[in-house]
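Residue-level structure breakdown
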Amino acid sequence: MPTYPGISSEAFRHPLDSQAEQALRSLPGFDLIARKFVEFVYERPQFVYLMGNSIEVGPRQYSTIYQIFRECVRDLDISGEPGLFIAQDAQVNSYALGQEHPYIVVNTGLLELLNESELRTVLAHELGHIKCGHTILIQMAMWAMSAASVIGELTFGLGNFVSQALIYAFFEWRRKAELSADRAALLVMDDLNPVMSSMMKLSGGSNKYAHECSLQEFIQQSEKYQALDDDGLNQVYKFLLYNGAQGMMLSHPFPVERLHYLRSWAVSEEYQQIRKGNYQRTPDGSVDVTPETPEHEAEKLRKEIEKLQAEINKMRKSD
C-alpha cells in the first residue's frame with residue numbers, strides 16, 4: 001500500500017467540501033451554534049459510553065483490525081493515533097467523531113458484511129474525516145439538529161438561530177464532506193475496486209447472495225443515475241430527496257453518486273500527481289505502526305498502574 005508522508009488534507013479535499021463548509025460558516029447563527037456547542041457538549045461522556053459499551057480495538061483486541069487501522073493511520077500521515085471501537089450493532093455503519101481525542105466506531109454489522117480489503121477502505125474513509133478536521137463539524141451538526149428538534153422545550157439560548165437554512169447547510173456540507181473522505185480511501189487503497197465494492201455492499205450487499213452481485217453492473221447503474229439529469233425534472237426530484245422529501249434529510253450522497261465523483265478523480269491529473277509524491281504537505285510527523293512487543297506493552301501497563309496507584313494514595317491522604 002502507498003504511503004503519503006507529510007500529506008496535507010488540502011491535497012485531496014474535494015472543492016465541493018470546501019465550498020459547502022465556507023457557505024455553512026458564513027450563515028447567521030453558525031457562530032452562536034459553535035459557542036453553545038462548546039458550552040454544552042463535551043467529548044468525555046461519549047468516550048465513557050464507548051469504553052463501557054463497546055470493545056476498544058488494540059494489539060490484543062481485534063488485533064488484525066488494529067494492524068490494518070495503524071497502517072491506514074501511517075499511510076495518511078495522521079499525527080496521534082485516534083481511538084477505534086467496535087460496537088455491537090447490526091446496522092451496517094461506521095463513523096468518526098471527536099476533536100481533542102478523535103475516534104472511530106465500527107458496527108459489527110459492517111464487519112459481517114465486508115471483506116478485509118473493504119474494511120481497510122472504510123477505516124481509511126473514516127480517517128479521512130479525521131484528517132480533514134470534519135469531526136467537530138459533524139458533532140456540531142448532530143447537536144444543532146437535536147437542539148432544533150426540542151425548540152420550545154429547551155432552547156439552550158439558541159432562540160430562532162437554528163433556522164431551516166442553517167440545518168440545510170449542515171446537511172449539505174456533511175454530504176460534500178463524504179467526497180473528501182472517499183478520496184482518502186482511494187489514496188490508501190490505490191485501487192478503485194475495493195472502494196467501489198464497499199459502496200455497492202453498503203447500498204444493498206448480502207453475504208448470502210454476494211456471488212450474484214456484479215460490480216460492473218453497479219458501475220453501469222451509477223452511469224444511468226447520472227444520465228437521469230438529462231431531464232431537468234429529475235434534478236428537482238434529486239434535490240428534494242436529499243432535503244427531506246421522504247421525511248428526513250440525507251447525511252450522505254447516494255453511493256452511485258459517490259462512485260461517479262470518485263471514478264472521475266481516479267483518472268485526474270491531480271490524483272496521478274499525488275501518487276507520484278507531488279502534493280501539498282503539512283509539518284505534522286508520521287506515525288510508527290510497528291507492532292508493539294509484549295514487553296513494551298507490559299512496561300506501559302506497569303507505568304499506568306503506578307500512576308493510578310499514586311492517584312489513589314493522594315486521595316487517601318486528602319481524606
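Residues numbered from 1 in each chain as written. Predicted model: local features only at pLDDT ≥ 70, side-chain atom pairs only at ≥ 80, totals over all residues. Heavy atoms only, no water.

1. Some points on the pairing of strand β3 (residues 94–97)
Pairing of β3 with strand β4 (residues 103–107), which is carried by four bridges, proceeds in the antiparallel orientation. In the strand pairing of β4, Ala 96 is matched with Ile 104. Counted between consecutive antiparallel strands, the loop separating β3 from β4 contains five residues, among which Gly 98 sits at a positive phi close to 95°. (Pairing = 2+ DSSP bridges. Helix = DSSP H or I, 4+ residues; strand = E, 2+ residues; numbered from the N terminus.)

2. Focus on a nonpolar patch on the surface
Residues Leu 233, Val 236, Tyr 237, Phe 239 and Leu 240 make up a contiguous nonpolar surface patch of roughly 470 Å² in combined accessible area. Mapped onto the secondary structure, Val 236 falls in helix α11 (residues 232–242). Val 236 gets classed as partly exposed once you look at its relative accessible area, which sits at 42%. (Patch = residues over 30% accessible without salt bridge, like charges linked within 9 Å, V, L, I, M, F, W, Y side chains within 5 Å. Areas by Shrake-Rupley, 256 points an atom, 1.4 Å probe, with all protein chains shown as cover. Salt bridge = Lys/Arg side-chain N within 4 Å of Asp/Glu carboxyl O. Buried < 20%, exposed > 50% of the residue type's maximum accessible area, 1.4 Å probe, protein only.)

3. Considerations on the confidence of the model for the protein chain
Summing up the model confidence of the protein chain, the mean pLDDT is 85 and the portion of residues at 70 or higher is 80%. Per-residue pLDDT stays below 50 along residues 151–159; that stretch engages in 13 contacts with residues further than four places along the chain or on separate chains. Low pLDDT, under 50, characterises residues 290–294; the predicted model gives this stretch six contacts beyond four residues in sequence or across chains. (pLDDT = per-residue confidence, 0-100. Contact = heavy atoms within 4.5 Å.)

4. Here we look at the packing of helix α9 (residues 192–204) against helix α12 (residues 255–266)
Geometrically, a packed helix pair is captured by the angle between its two axes and the distance between the axes. Relative to each other, α9 and α12 sit at 170°, their axes nearing to 10 Å. The orientation of α9 with respect to α12, classified from their angle, is roughly antiparallel. Mapping the contact onto sequence places Leu 192, Val 195, Met 196, Met 199 and Ser 203 in α9 and Pro 255, Arg 258, Leu 259, Leu 262, Arg 263 and Ala 266 in α12. Considered class by class, the residues forming the contact of α9 with α12 number eight nonpolar, one polar and two charged. (Axes fitted to C-alpha atoms, helices over the stretch in contact; angles between N-to-C directions. Parallel < 35°, antiparallel > 145°, perpendicular 65-115°, else oblique. Nonpolar A, V, L, I, M, F, W, Y, C, P; charged D, E, K, R; others polar.)

5. Let's talk about the sheet that holds β3
Spatial strand order, β1-β2-β4-β3: four strands in an open sheet with mixed pairing. Single-partner strands in this sheet number two, and they are β1 (55–56) and β3. Pairing of β1 with strand β2 (residues 83–87) involves two bridges; the strand directions are antiparallel. Bridging across to β2, Glu 56 finds its partner in Phe 85.

6. What about the packing of α9 against helix α10 (residues 215–227)?
Two elements in contact, α9 and α10, have axes separated by 10 Å at closest approach and are oriented at 75°. Between α9 and α10, the angle falls in the class roughly perpendicular. Mapping the contact onto sequence places Asn 193, Met 196, Ser 197, Met 199, Met 200 and Ser 203 in α9 and Leu 215, Phe 218 and Ile 219 in α10. Residue composition of the contact of α9 with α10, grouped by class: six nonpolar, three polar and no charged.

7. Remarks on the pattern of salt bridges
For the coordinates displayed, the defined rule picks out 15 salt bridges. For Arg 25, the salt bridge is made with Glu 21, and the minimal N-O distance between the two is 2.9 Å. Pair noted here: Arg 25 and Glu 21 are both in helix α1 (residues 15–26), with a separation of four residues, about one helical turn. Assessed through its relative accessible area of 40%, Arg 25 is described here as partly exposed. Given a relative accessible area of 17%, Glu 21 falls into the buried group. Arg 74 serves as the salt-bridge partner of Asp 75, at 2.9 Å between the closest nitrogen and oxygen. The class of Asp 75 is buried, set by a relative accessible area of 0%. One connected set of salt bridges, linked through shared partners, spans Glu 10, Arg 13, Asp 17, Glu 21 and Arg 25.

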